[in-house]
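Architecture and fold: a report
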Amino acid sequence: MFGLRKSFVDPEPGIAMVQIHYTWSPRGEPPDWAGGDEMVLAPQGGPLRTAVLDVPRTVEGAPEFALHHFFFVVSAQGRTSSPVFTEDIVAREVTYEDTAGAYTSVGIVWSAVEPAPDLGVPNYTSTAMDGLSFESPGTAPDDGSIYEFVRAQPLPHVFRGMVWGVRGTRISYGYHLISNGQPDPAANTETWDDNGGAGWTLQL
Amino acid sequence: MSWYYPKGWTDQDDGIEQVLIHYACTPPGQWPDWSWGHDTRVLQDFGGFPRRRLKVLRMPREIWDMENGWPTPEYRFHYYFEVYQHGDRWTTDLFTEDIVYRDLEYADTSGWVTNICIYYAVGDWTAPVYSPMEEPRIPADSEFAATRYYSYQDKDRFHHEKYQMLYGLDLPHRFISRMWGPRGGTLVQQYHIGRMYPPEEKSETWLGPNGPSAPGGDNCWVHHL
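Cut-off values and rules
- All chains use their own residue numbering, which begins from 1 and follows the written sequence.
- Whichever chain is written first is A, and whichever ligand is written first is 1; the rest continue in order.
- Under the rules for a predicted model, residues below a pLDDT of 70 receive no local features and side-chain atom pairs below 80 are neither given nor counted, while totals for whole chains, interfaces and linings still include all residues.
- Going along the chain from the N terminus, every DSSP run of H or I of four or more residues is numbered as a helix, and every run of E of two or more is numbered as a strand.
- Burial is judged by counting the other C-beta atoms within 10 Å of a residue's own C-beta: 20 or more makes it buried, 12 or fewer makes it exposed, and any count in between marks it as partly exposed, with every C-beta position built from the backbone.
- Bear in mind that the domain bounds are from an automatic or database domain assignment.
- Charged residues are taken to be Asp, Glu, Lys and Arg, nonpolar residues to be Ala, Val, Leu, Ile, Met, Phe, Trp, Tyr, Cys and Pro, and polar residues to be all remaining types, Gly included.
- Two residues qualify as a contact pair if the distance between their C-beta atoms, derived from the backbone, is within 7 Å.
- A set of buried residues qualifies as a nonpolar core if it consists of Ala, Val, Leu, Ile, Met, Phe, Trp, Tyr and Cys joined through C-beta atoms within 7 Å.
- Two strands qualify as a pair provided DSSP detects at least 2 bridges between them.

1. A closer look at the overall build of chain B
Tallying secondary structure elements over chain B gives one helix and 17 strands in all. Judged by the C-alpha coordinates and their principal axes, chain B covers about 65 × 45 × 35 Å. Of all 225 residues assigned to chain B, the portion counted as buried reaches 32%.

Here you go:
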């Protein structure tokens, strides 16, 4: 799963509650609301309300699919439902090239670019290195003895992982750089490279 | 449909870069096989001093018990935190909680209610949950079952038809539904009740022990699980 924030701006005062109903389907297929879910959007101050949806990384094995949602609004004037919005969830590959062979594993911390930084929802992807097949999406690898496997691969070492989001939006990401399993455990390191706080971005 | 469980973390030390929560659910009495697969989420950093982090987890209303071959609405929730600090990584102990449910019944003696939900949350109102309530005499496969309300396009028709179905039932109308949480924890709860038909009588509110109010806040029942 990954976290995806959805926002609603109250069009007028007096709105008591806003729900978001959501579900997903293979691309081109209509939503099945019987399998849908709902969340109450939390006020963020002013007219803004948001909720963080849990969205799968694959639907029926496909990393790209359709996400459907609509808002249900309760106000003093009554109840209204928005139209159903259908968005393409797309996946893109992010790579890290380790020319010196310094790292045994690389993670990607990523989030959709939001209007305010504190609305960002962090997600994590563990990458796979070319030549190796170790990957555990959503988590960093355990301390393990992959050091020798990594060293055996020719340089540069290229690590690849996926990020997800709504087509047309931007993703901000940084790297979790891990060097473990060293002969001298004291030489193990874990650092975070977020491009000096700015992160890197890509367009989906 | 799911329910939502906020899990927080407060930094007790400097130098914490990220905190992840690893979690899995099993049937009662069973333990997770972490190598077989589990969920992991990054906690969102809310800042402050000490720094607070939070992730609202989407939880199932039942899980499949492979040993017995049936779904179980009560289950165990296992989790631990993985903390990245000072360029290193450590994990907390494994915590296990029993997830249990509580059924609620709302008896409408006057026939005023046409739509009703339980509105509840674990602990406080950080992550509220709606649980539509239904009169058990309404067939579960009815087009006008409460769970079908939100995605039903013609709300006026739904309001009219549901009103007529309820009107044909003897009073009191006993609406029931279920809420979930960790054993030993607390739930805060209100009802969201409405009369959506006839149109000139449309009205709705959130209801707590002190009567109608806005959603959330102190006017709520507190359940100890």
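2. Quick word on unusual backbone geometry
Note that the residue after Leu155 of chain A, namely Pro156 of chain A, is joined by a cis bond; omega there is -5°. Here Pro156 of chain A is to be found in the loop between helix 1 (147-151) and strand 12 (157-166). Backbone torsion omega between Leu171 of chain B and Pro172 of chain B reads 0°, so that peptide bond is classified as cis. The backbone phi angle of His86 of chain B is positive, close to 50°, even though this residue is not glycine. On the secondary structure map, His86 of chain B appears in the loop between strand 8 (75-85) and strand 9 (88-91).

3. Points about the domain arrangement of chain A
Residue and element names in this part refer to chain A. Splitting chain A by domain gives domain 1 (2-90) and domain 2 (92-203). Summarising the inter-unit geometry, the C-alpha centres of domain 1 and domain 2 are found 30 Å apart. Those elements that provide at least two residues to the side of domain 1 that touches domain 2 are strand 1 (2-9), strand 5 (48-55) and strand 8 (85-98). Class assignment for the residues of the side of domain 1 that touches domain 2 results in six nonpolar, two polar and four charged.

4. Some details on the domain arrangement of chain B
Residue and element names in this part refer to chain B. Assigned domains of chain B: these are domain 1 (2-93) and domain 2 (102-224). Here domain 1 and domain 2 have C-alpha centroids that lie 30 Å from each other. Going through the elements one at a time, strand 1 (2-10) and strand 5 (52-60) are the ones with two or more residues in the side of domain 1 that touches domain 2. For the side of domain 1 that touches domain 2, the per-class residue count stands at seven nonpolar, no polar and one charged.

5. A short note on the interface of chain B and chain A
The interface of chain B with chain A comprises 25 residues on the first partner and 27 residues on the second. Going through the elements one at a time, strand 1, strand 2 (16-26), strand 3 (39-42), strand 5 and strand 9 of chain B are the ones with two or more residues in the side of chain B that touches chain A. Residue composition of the side of chain B that touches chain A, by class: eleven nonpolar, six polar and eight charged.

6. Here we look at the nonpolar core
Residues and elements named next belong to chain B. In terms of nonpolar packing, the biggest core is built from 79 residues, with Tyr4 and Tyr120 touching the most fellow members. Counting residues per element, this core draws most heavily on strand 11 (residues 115-122), which supplies seven residues. Leaving out residues up to four positions away in the same chain, Tyr120 has contacts with Pro128, Val129, Ser131, Met179, Leu187, Val188 and Gln189.

7. Here's the deal with the sheet that holds strand 4 (residues 42-43) of chain A
All names here are of chain A. Read across the open sheet, the three strands follow the order 1-5-4; overall the sheet is antiparallel. Looking at the sheet topology across the chains shown, the edges are occupied by strand 1 and strand 4. With two bridges connecting them, strand 4 and strand 5 associate as antiparallel partners. By the bridge assignment, Pro43 is partnered in strand 5 with Arg49.

8. So, the environment of Asp14 of chain B
Residue and element names in this part refer to chain B. Within the element layout of this structure, Asp14 appears in the loop between strand 1 and strand 2. Exposure remark for Asp14: the 9 C-beta atoms within 10 Å place this residue in the exposed category. Spatially, the C-alpha atoms of Asp14 and Gln85 are 8.0 Å apart, while their sequence positions differ by 71 residues.

9. Considering the pairing of strand 5 of chain A
Residue and element names in this part refer to chain A. Summarising the sheet, strand 1 and strand 5 pair through eight bridges and their orientation is antiparallel. Residue pairing in the sheet places Arg5 in a bridge with Val52 of strand 5. If you look at the hairpin formed by strand 4 and strand 5, you'll find four residues sitting between the two strands, and Gly45 has a positive phi there, around 95°.

10. Topic: the environment of Leu48 of chain A
All names here are of chain A. Relative to the assigned elements, Leu48 resides in strand 5. What makes Leu48 partly exposed here is the crowd of 16 C-beta atoms within 10 Å. Taking the C-alpha atoms as reference points, Leu48 and Arg160, separated by 112 residues in sequence, lie 36 Å from one another. Not counting chain neighbours up to four residues away, the residues in contact with Leu48 comprise Ser7 and Val9.

11. Considering the environment of Leu104 of chain B
Residue and element names in this part refer to chain B. Inspection of the secondary structure assignment puts Leu104 in strand 10 (residues 95-108). Each C-alpha atom, one on Leu104 and one on Met133, is 8.8 Å from the other, the two residues being 29 residues apart in sequence. The contact partners of Leu104, leaving out residues within four places of it in the chain, are Ile118, Ile176, Ser177 and Met179.

12. As for the pairing of strand 10 of chain B
Residue and element names in this part refer to chain B. As defined by bridge partners, strand 8 adjoins strand 10 across five bridges and the pair is classed as antiparallel. Note on strand 10: the bridge partner recorded for His78 is Thr96. Direction of pairing for strand 10 relative to strand 13 (residues 173-182): antiparallel, over a ladder of ten bridges. Looking across to strand 13, one finds that Asp108 is bridged to His173.

13. Describing the sheet that holds strand 4 (residues 44-45) of chain B
All names here are of chain B. Judged by pairing direction, the sheet is antiparallel, and its three strands sit side by side in the order 1-5-4 without closing on themselves. The sheet is open, and its two borders are formed by strand 1 and strand 4, each paired with just one other strand. Bridge count between strand 4 and strand 5: two bridges; the pairing is antiparallel. For Asp45, the partnering residue across the bridge sits in strand 5 and is Arg53.

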